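Close look at the chain arrangement
Spelled out, the chains give:
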Amino acid sequence: SQQGEEDPQALSIQEGENATMNCSYKTSINNLQWYRQNSGRGLVHLILIRSNEREKHSGRLRVTLDTSKKSSSLLITASRAADTASYFCATPPGYSSASKIIFGSGTRLSIRP
Amino acid sequence: DAGVIQSPRHEVTEMGQEVTLRCKPISGHNSLFWYRQTMMRGLELLIYFNNNVPIDDSGMPEDRFSAKMPNASFSTLKIQPSEPRDSAVYFCASSLRGNQPQHFGDGTRLSIL
């Protein structure tokens, strides 16, 4: 079963609007990661938030983490056409530094010009 | 800096043939991962290595699949014999440690006729 699940599965917004994607996970974690995948390419790491952090920013990206609700959100502000991609959250189950990370099924984001 | 390098980028072959996918991780990374991505099943972890040792191969679908990492700079994923249902995009990724951000190659698009 998936460790992380993104919501919504697909999102279409107008260029310039903000896009919010959510991720829920099942087990305790020591970090949560967000990735982007452009069509025909590999995934690209965007941001990592540790379990003792509540919010993190990187450029137009803002990530929040609520460990009590086992959920995270990714906000992209002032969206651009180039933000069109699939976005995945990923969590390592458990606390071992040797563990793998498990990806959710992704949110497909489309930015309309 | 060179990222994760996968070859070939595309492979089309007939069922029953042996297929070998290759991956060169980022120098200094200790963990290497093989994934398969399809529309139906999303991104699936097949196997991962820490320090060239296979740690978890529970995602390898069948005995037809095998993976090796003879040294820190090279890994192969082999399918023998190949079947049409093996058609997918196969990604290799590497990271400093198992639960840290992963760097993905651009994948091998495999089509089994």
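Worth saying up front: this structure is predicted, and the values here are computed from it rather than measured. (Residues numbered from 1 in each chain as written. Chains lettered and ligands numbered in written order. Predicted model: local features only at pLDDT ≥ 70, side-chain atom pairs only at ≥ 80, totals over all residues. Heavy atoms only, no water.)

Notes on the sheet that holds strand β3 (residues 19-25) of chain A
Residue and element names in this part refer to chain A.
- Spatially, β1-β3-β8-β7-β6 is the arrangement adopted by the 5 strands of the open sheet, whose pairing is antiparallel. What marks the edges here is a single partner per strand, and that holds for β1 (4-7) and β6 (55-58). With direction set aside, neighbouring strand axes in the sheet form an average angle of 20 degrees.
- Judged from the 4 bridges that link them, β1 and β3 form a sheet pairing that is antiparallel. Following the sheet pairing, D7 is matched in β3 by N22. (Pairing = 2+ DSSP bridges. Helix = DSSP H or I, 4+ residues; strand = E, 2+ residues; numbered from the N terminus. Axes fitted to C-alpha atoms, helices over the stretch in contact; angles between N-to-C directions.)

A few points about the state of the cysteines
- Under the definition given, this model contains 2 disulfides over all chains.
- What pairs with C23(A) in a disulfide is C89(A), and their sulfur atoms sit 2.0 Å apart. Across the S-S bond linking C23(A) and C89(A), the dihedral sits near 65 degrees, which makes this disulfide right-handed. Taken together, the residues C23(A) in strand β3 and C89(A) in strand β9 (residues 85-91) connect sequence positions 66 residues apart.
- Among the residues examined, C23(A) registers a relative accessible area of 2% and is labelled buried.
- Paired by a disulfide, C23(B) and C92(B) hold their sulfur atoms 1.9 Å apart. Between C23(B) and C92(B) the disulfide shows an S-S torsion of about -65 degrees. By sign, it is left-handed. Residue C23(B) is located in strand β3 (residues 19-24), and its partner C92(B) is located in strand β9 (residues 88-95); the two are separated by 69 residues in the primary sequence.
- Here C23(B) falls in the buried class, since its relative accessible area comes to 1%. (Disulfide = S-S within 2.5 Å. Buried < 20%, exposed > 50% of the residue type's maximum accessible area, 1.4 Å probe, protein only.)

Observations regarding the pattern of salt bridges
Residues and elements named next belong to chain B.
- If you walk through the whole model with that rule in mind, you get 12 salt bridges over all chains.
- K78 serves as the salt-bridge partner of E18, at 3.9 Å between the closest nitrogen and oxygen. Here E18 is found in the loop between β2 (10-13) and β3, whereas its partner K78 is found in strand β8 (residues 74-79), with 60 residues between them in sequence.
- K78 sits in the partly exposed class, given a relative accessible area of 30%.
- For D86, the salt bridge identified is with R64, shortest N-O distance 2.7 Å. In this pair, D86 sits in the loop between β8 and β9 while R64 sits in the loop between β6 (53-56) and β7 (65-71), placing the two residues 22 residues apart along the sequence. With respect to class, D86 is no different from R64; both count as buried.
- Residues participating in the shared-partner salt-bridge network are E62, R64, E83, R85 and D86. (Salt bridge = Lys/Arg side-chain N within 4 Å of Asp/Glu carboxyl O.)

Considering unusual backbone geometry
- Here the amide bond leading from S7(B) into P8(B) is cis, since omega sits at -10 degrees, within 30 degrees of zero.
- Here P8(B) shows up in the loop between β1 (5-7) and β2.
- Cis geometry marks the peptide bond from Q80(B) to P81(B); its omega dihedral reads -5 degrees.
- With respect to the helices and strands, the residue P81(B) is situated in the loop between β8 and β9.
- Notably, K70(A) is not glycine yet its phi reads approximately 50 degrees, a positive angle.
- Looking at where K70(A) falls in the secondary structure, it is placed in the loop between β7 (61-66) and β8 (71-76).
- The backbone phi angle of N52(B) is positive, close to 75 degrees, even though this residue is not glycine.
- Tracing the chain through its elements places N52(B) in the loop between β5 (42-50) and β6.

Limitation: the analysis is restricted to geometry and does not speak to function.
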